[in-house]
Every structure is written in structure tokens, then in C-alpha cells.
Number of protein chains: 2
Amino acid sequence: MSDRIRVVVDAMGGDNAPGELVRGAVQAVQGRENISVILTGKKTAIEQELAKYSYPKDRIEIVHCEEVIDTAEPPVNAIRSKKDSSLVVGLQMVRKGEADAIVSAGNSGAILVGGQAIVGRIRGIERPALAPIIPTAEGVSLLIDSGANVDARAAHLVQFAKMGSIYMEHVLGVKRPKVGIVNIGAEEEKGNALVKETFPLLKECTDINFIGSVEAREIPSGACDVIVCEAFTGNVILKLYEGLGAVFMEKIKGSLMKNLQTKIGAALIKSSLKETLKTFDSSEYEGAPLLGLKGLVVKTHGSSKAREVENSIYQCELFKKQKINEIIKENLKLN
Amino acid sequence: MSDRIRVVVDAMGGDNAPGELVRGAVQAVQGRENISVILTGKKTAIEQELAKYSYPKDRIEIVHCEEVIDTAEPPVNAIRSKKDSSLVVGLQMVRKGEADAIVSAGNSGAILVGGQAIVGRIRGIERPALAPIIPTAEGVSLLIDSGANVDARAAHLVQFAKMGSIYMEHVLGVKRPKVGIVNIGAEEEKGNALVKETFPLLKECTDINFIGSVEAREIPSGACDVIVCEAFTGNVILKLYEGLGAVFMEKIKGSLMKNLQTKIGAALIKSSLKETLKTFDSSEYEGAPLLGLKGLVVKTHGSSKAREVENSIYQCELFKKQKINEIIKENLKLN
């Protein structure tokens, strides 16, 4: 079948490995018939987890790997030295075309480094970019780049804008996504040297819906669909989002548990509040694609549970079905 | 009296001018006997507001100015052309030593530009830095720089770290404040070119308590007291803090007002929740000092009310009393 998709799930990566990774894989093959999953990692541990579920056995395969890359390991070194790790073996399968995509919740740096070094860039893409989605008051926005390649140049940011726009339109289904560049003011003359150089280049792009500068204040309200920035800035935005969200939740919980009265109140608002807070919980969404590579590499949160793994696998399916890389090559005039 | 302090309040700047500015000034002179305020702006409008209160008349003076700088005006132009504006006249008074400090809620760019151009830098300070405080789970942190001078060099960031540390210790009373540099990872080898260059320089500083890199995720939990960064990054952090806070509040309010049950629950938790949310409301705090100038310039929120204006005036008092600029000159070995 032409629309059959094969996704590697790095069963050893992340805080909840292998349990939640395996469960996510099982849910995905149960959920959609055209999905096959290859679990890379320690065979015995994976088999133990798989034994808990009933699922179509012909669509989950285990590829045993002796090694595991730890979260704290220096990425470049880990990728070079651990050839038989669940991540490296999975990336090699994508490179060789034995799999269409890989999902990993492991060492972020290693995923980024390994994605570039092993899977490789699309010819003409100067830098791949990590593009997580972040929740907003209106839905979600794509933040591109928040990866490990800092100090990008203007030409890189233009490619990020185009790739992000294509992904947002074809994978997340947003028509003519609004593309904005992160800036410290709304006017064109504002910004640092990089933004000032990039702004006019983006304005000239006829293939994206560039709406100009977006201040960080407007990001949470959903001012644009694709938020373009250099990776250092993107990382700050992404991490601050997570950190501030966590502190808010904790503070609110604390105020609800203050005394008997507030506890009664808390019981009454619980389900409504939970629903609201869920929209700001990144684990409800799929992982972040590393765009610009020959195959698809998806980085999920280190703490991701089965739900996020499952969603990430579906995202890989859509990525292939929508021929994202072909569109990127065509739109960016790459060959 | 030697500890008498004279503070200019730009009565025409900000969304709530002149009402809240005048009220803040009145509260400050009522609150502390050694404070005098000079209100710059339209005399008639200011007098109308002052007429609402009883206060020690000898400690509030009006200096009439014909012009007002609007929030949206291009800063450099505004400072150059509007010589008789409430902001420029106030800054001139600080320059001439007729006042110790100025508090303005007006056009941010104009305050930053005017502060540098009119009040002037302390000799040896290469760049002044705007240092707002941001709320955290533990209290507050000082974010330096979040001003208008982007693309700072490593030497600038070192001065920011030292000035921020002095301010945090002597004005906000934090002993041996922990100084961190915003980075995308905890390790010393992580970061963009600027951070990599700055990190070893900060490590060498024996006069600050440098704790290394701080990831944006850790900022809201209060990982360090003085958060050092380049202004573009600082602006993103500050604005995202505000934007995300506002969206959270709105979402939570929405979930509380959902139906009758949640409304009853909301009534029970209201006061506890309000108290919690107040700690994350920046208007509860004082304004942001522009550090490194010969006199003190404090920028409050455009939306600031009397409370923030009053607190900012007290902050000016402490700044003078603690001889912050003298300590800066001494510690940074400037003359």
C-alpha cells in the first residue's frame, strides 16, 4: 500500500521510557490501520511492555539495540560513539529509507545533531529548524526555530518562515498561515541587526503571508500562526512558556488548597478549570518536527506520555501523506 | 536636610495621565516626609487633579510644559523636537541637578533615548541598561537589560551584571544576589556567540555572585536574583511574561464564569486566588530603573496606576539614600 507509513519510535528515550513510548506505539497502531511502528531499544524491556497489550502483531516490530543515550550526555559525542543506541539505529533506518520517520523523547541535543548528521539536510536547506507548536488563546502557533543552531543568518530565517508556513498549512491545516517575525516593536525600523536584515527579505516573499513583526507580548494571544525567530530567542520563548505555565499552575493550586472554603470552591470549578488548563498543556499536542531534513525527525517532550507519542506518530503519517518535503523542495526551489 | 529627595513625576506620560500620576505623587508625599515631587506637564490639568486631595502643599510643585510626547511618537524625533514636553523638561531638571530622579509612564523609547541623551551616562559606563523586576515563585528577580539598545557586546553585559547586582543588593535588599546569564542550556559550552564570550568574563568577576547559566524555564521559579541578558532577549522575556500572564488570567476567569456551579466555586476561592494572582501582577511593584546614568530615570508601565507611581518614588528615595551611583562608580572602578 502506498500510504502505509513506517515510524520508528525510540523506545529508550525520555523520562518515561520504555513504558509510555511502547504504549503510545500500541495506541497508534490500534488507532490507524496504515501505521507500522518499529521500536528500537532493549528487546527484553520492550517485550515486557508489549505483553501488557493486545494489538496487531504484524505492525509492531522490535529492533534490538544494546546502547542508550542518556539525557545528560554531550550530544555530538553520544551520536558518534553510540552506534548501537536506540536513537542512532532509528535515525539510520530513516536515512536508509527503511522507515519514513522517527519519534524520540530522548536527549534533545542528540536528536538535533543526529538528525542533521545521519538523516541529512534536504539539498539547498542551509539549516534544519526545530518547530514545536505552542498553545495560544486562539489555538496553537508554530515556533520556528527553537533548536540548537543559534546565531542564524537572515537567509536561514527566510527558509524557516517558508518551511514553517508549509508545515502549518499542510499538517496543521491552517489556511494561508500568518507569518510574523519576533521583534521588540511593531515598526519595521525596530529590532536587532538580524531582524532588520530579515524583515525586508520576508516582505518580498510572495509565497508566505507575512504580517510583519510580532512582539513577545502578542504571542500568547495568537497574533500569528508561524512565529519566526533565531534559535536562541526561540528557545527562550519555548522554555519560558513552559516555566511560567508550571509556576502559574502551582500557584493556582496552592490558592485552591488554602483552606476548607477554597477546597470546596475548588471542587466546584475543578472540571471547568482542568479543561482550560489542558489547552495550555503541551503534552496534549504532538512533538516538534525538525524541518528541512530528508526524512522526518520528531522530538517530543522528555516527559511525554503515550498520548503525545501517539499524536506524534499520526503527525508523521500526515507529514508523509501531505508530501511536505516535496512541497518544501518545490516552494523553496530546491532540487 | 541632606536626605531630602526631589523627584520629578512626568504628569503627562502613560495611559492614566495625569490622574493616576498626580495621585501617586500625592500619596508619596503623604507617605514620607523627606520626599518632594515636581510634577511636569499642563498646569491646569494638574491643578484640577491636585484639587481633589489634601496634602503638604510645600512638597508638590508644578512646572508647566506646553508639549506632550505621545506613546506612538518616534523617540529620537520626539526628544529632539519637543523641548517643552513634560518628559524633556523633567529630564533636564535631573541633568542640572534640580531634581534627583524622574519617574515616567510615558513613551518607553523616548524615556530611554532621553535618559541617555539628556541625563547622560556615568563616565565609563558604555551603555545604560533598563532593569525591570519580574515576579517569580520566590519573590522577584531583576531583568537586565530589557531596554532599547540591542546587539550588546560582552563587555556591556559584564557591566549590566555588576550594576544589576548592586541595585538588587542595595535597593531591593537581597544579600549577595545570585547572578545568572540567560542561556539555552546549563553547560558553559552552550549558548550563542555573545553568551559564550560573556560567560568566562562573568566567571572572573569576584565582586558578583555569578551562578552560571540560567535557562528561561527556570526564570519563573526564581533561579537567580539578577538575570543578565542582551536587550532583545530581555525584551522578549519581559513581554512574554506580561502576555502569557494576561492570557492565563483571562482563561482562568473564563473557566470560573462557565456556569452556575463554577460561579459559586469562584466566589469561594475569589479572595485566595486574587491574593495569589496579585503576586504576579507587575503593577504591584515599582518601575524599572535605567541604570548607568548620572541621575536616576525610572520607567513605569504605561498602564501604571497611583500605587506603582508611589512605589517608584520610594524607589528613587532608596536609590539616593543608598548612594547607588557612588557604589557603581566605585565597584566598576569608574571615575
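Residues numbered from 1 in each chain as written. Chains lettered and ligands numbered in written order. Predicted model: local features only at pLDDT ≥ 70, side-chain atom pairs only at ≥ 80, totals over all residues. Heavy atoms only, no water.

Focus on the packing of aromatic side chains
Logical step 1: Under the counting rule described, the total for this entry stands at five aromatic pairs over all chains.
Logical step 2: Considering the side-chain rings of Phe 248 of chain A and Phe 248 of chain B, the 4.8 Å spacing of their centres and the 40° angle between planes classify their relative orientation as tilted. With Phe 248 of chain A in helix H8 (residues 231-256) and Phe 248 of chain B in helix H8 (residues 231-256), this residue pair bridges two chains. For the pair Phe 248 of chain A and Phe 248 of chain B, a shared accessibility class is recorded, and that class is buried.
Logical step 3: When the centroid spacing of 6.1 Å and the interplanar angle of 45° are considered together, the rings of Tyr 167 of chain B and Phe 319 of chain B count as tilted. Of the two residues, Tyr 167 of chain B sits in helix H6 (residues 154-170) while Phe 319 of chain B sits in helix H10 (residues 306-321), which places them 152 residues apart along the sequence. The pair Tyr 167 of chain B / Phe 319 of chain B is uniform in exposure class, with both members buried. (Phe/Tyr/Trp six-rings, centres within 6.5 Å; stacked < 30°, edge-to-face > 60°. Helix = DSSP H or I, 4+ residues; strand = E, 2+ residues; numbered from the N terminus. Buried < 20%, exposed > 50% of the residue type's maximum accessible area, 1.4 Å probe, protein only.)

Focus on the pattern of salt bridges
Logical step 1: Under the counting rule described, the total for this entry stands at 24 salt bridges over all chains.
Logical step 2: Across the pair Glu 242 of chain A and Arg 217 of chain B runs a salt bridge whose closest N-O atoms are separated by 3.1 Å. Of this pair, Glu 242 of chain A sits in helix H8 while Arg 217 of chain B sits in the loop between strand E9 (209-215) and strand E10 (226-228), each in a different chain.
Logical step 3: For Glu 242 of chain A, a relative accessible area of 24% translates into the label partly exposed.
Logical step 4: What makes Arg 217 of chain B partly exposed here is its relative accessible area of 36%. (Salt bridge = Lys/Arg side-chain N within 4 Å of Asp/Glu carboxyl O.)

A few points about the interface of chain B and chain A
Logical step 1: Opposite the 50 residues of chain B that make contact, chain A presents 49 residues.
Logical step 2: A combined buried area of about 4800 Å² lies between chain B and chain A, and 74% of that area is made up of carbon and sulfur atoms.
Logical step 3: Summed over the shared surface of chain B and chain A, the result is six salt bridges.
Logical step 4: Connecting chain B to chain A are 10 residue pairs in polar contact (both at pLDDT 80 or more).
Logical step 5: Mapped onto the side of chain B that touches chain A, the elements with two or more residues apiece are strand E8 (178-183), helix H7 (193-204), H8 and helix H9 (260-278) of chain B.
Logical step 6: Considering each element in turn, the side of chain B that touches chain A owes the most residues, 19 residues, to H8 of chain B.
Logical step 7: Broken down by class, the residue content of the side of chain B that touches chain A amounts to 27 nonpolar, 15 polar and eight charged. (Contact = heavy atoms within 4.5 Å. Buried area = accessible area lost by both parts, 1.4 Å probe. Polar contact = N/O pair within 3.5 Å; in protein donor to acceptor, adjacent residues only side chain to side chain. Nonpolar A, V, L, I, M, F, W, Y, C, P; charged D, E, K, R; others polar.)

Concerning the sheet that holds strand E11 (residues 288-291) of chain B
Residue and element names in this part refer to chain B.
Logical step 1: Read across the open sheet, the seven strands follow the order E3-E2-E1-E4-E12-E11-E5; overall the sheet is mixed. Strands with a single pairing partner mark the edges of an open sheet, and in this sheet they are strand E3 (60-64) and strand E5 (129-130).
Logical step 2: Bridge count for strand E1 (residues 5-10) against strand E2 (residues 35-41) is six bridges, and the pairing is parallel. When the sheet's bridge partners are listed, Ile 5 is paired in E2 with Ile 35.
Logical step 3: Running over the sheet, helix H1 (residues 19-31) touches E1, E2 and E3 and is turned about 165° from E2.
Logical step 4: Packing of helix H5 (residues 108-119) onto the sheet brings it into contact with strand E4 (101-104), E5, E11 and strand E12 (296-299), and relative to E12 it is tilted by some 175°. (Pairing = 2+ DSSP bridges. Axes fitted to C-alpha atoms, helices over the stretch in contact; angles between N-to-C directions.)

A word on the nonpolar core
Logical step 1: Counting residues in each nonpolar core, the largest one holds 185 residues, and the members touching the most others are Leu 39 and Ile 219 of chain A together with Leu 39 and Ile 219 of chain B.
Logical step 2: Contact partners of Leu 39 of chain A, with chain neighbours within four places excluded, come to Val 9, Ala 11, Val 22, Ala 25, Ile 46, Leu 50, Ile 60, Glu 61, Ile 62 and Val 63 of chain A. (Core = buried A, V, L, I, M, F, W, Y, C linked by side-chain atoms within 4.5 Å.)

With respect to unusual backbone geometry
Logical step 1: The linkage connecting Ile 144 of chain A with the following residue, Asp 145 of chain A, adopts the cis geometry, with an omega of 20°.
Logical step 2: Mapped onto the secondary structure, Asp 145 of chain A falls in the loop between strand E7 (140-144) and helix H6 (154-170).
Logical step 3: Following Ala 17 of chain B, the chain continues to Pro 18 of chain B via a peptide bond in cis, the omega torsion being -5°.
Logical step 4: With phi around 55°, Asp 151 of chain A is a residue other than glycine that occupies positive phi space.
Logical step 5: With respect to the secondary-structure elements, Asp 151 of chain A resides in the loop between E7 and H6.
Logical step 6: Taking the relative accessible area as the measure of exposure, Asp 151 of chain A reaches 37% and is therefore partly exposed.
Logical step 7: Its identity as a non-glycine residue notwithstanding, Arg 176 of chain B has a phi of 40°, on the positive side.
Logical step 8: Note on placement: Arg 176 of chain B falls in the loop between H6 and E8.
Logical step 9: For Arg 176 of chain B, a relative accessible area of 57% puts it in the exposed group.

What to know about the side chain of Glu 49 of chain A
Logical step 1: Structurally, the position occupied by Glu 49 of chain A is in helix H2 (residues 43-50).
Logical step 2: Setting aside its immediate chain neighbours within four residues, Glu 49 of chain A contacts Pro 18, Gly 19 and Val 22 of chain A.

Overview of the relation of the copies chain B and chain A
Each copy of the chain is related to the other by a rotation around an axis and a translation along that axis.
Logical step 1: Relative to chain A, chain B is turned by 180° and slid 0.0 Å along the rotation axis, the superposed coordinates differing by an RMSD of 0.0 Å. Interpreted geometrically, this transformation is the action of a two-fold axis. Residue Gly 265 of chain B of chain B places its C-alpha closer to the rotation axis than any other residue of that unit, at 1.9 Å.
Logical step 2: In this assembly, 98% of the residues forming the interface of chain B have copies in chain A that are likewise at the interface, indicating an isologous arrangement. (Least-squares fit on C-alpha atoms with pLDDT ≥ 70 in both.)

Looking at the confidence of the model for chain A
Logical step 1: Of the residues in chain A, 98% reach a pLDDT of 70 or more, and the chain-wide mean stands at 93.
Logical step 2: ipTM for the predicted complex: 0.91, alongside a pTM of 0.92. (pLDDT = per-residue confidence, 0-100.)

Digging into the environment of Val 9 of chain A
Residues and elements named next belong to chain A.
Logical step 1: Within the secondary structure, Val 9 is located in strand E1 (residues 5-10).
Logical step 2: Of the residues examined, Val 9 reaches a relative accessible area of 0% and is grouped as buried.
Logical step 3: In this structure Val 9 touches Leu 21, Val 37, Ile 38, Leu 39, Thr 40, Val 103, Val 309 and Ile 313, once residues within four positions along its chain are discounted.

A word on helix H2 (residues 43-50) of chain B
All names here are of chain B.
Logical step 1: Those residues of H2 that sit buried are Ile 46, Glu 49 and Leu 50. Taken around the axis of H2, the buried residues stretch over an arc of 100°, which confines them to a single face. In H2, the exposed positions that point more than 90 degrees away from the buried face belong to Thr 44 and Gln 48.
Logical step 2: Those residues of H2 hidden inside the fold are in contact with H1, E2 and E3. (Arc of directions from axis to C-beta.)

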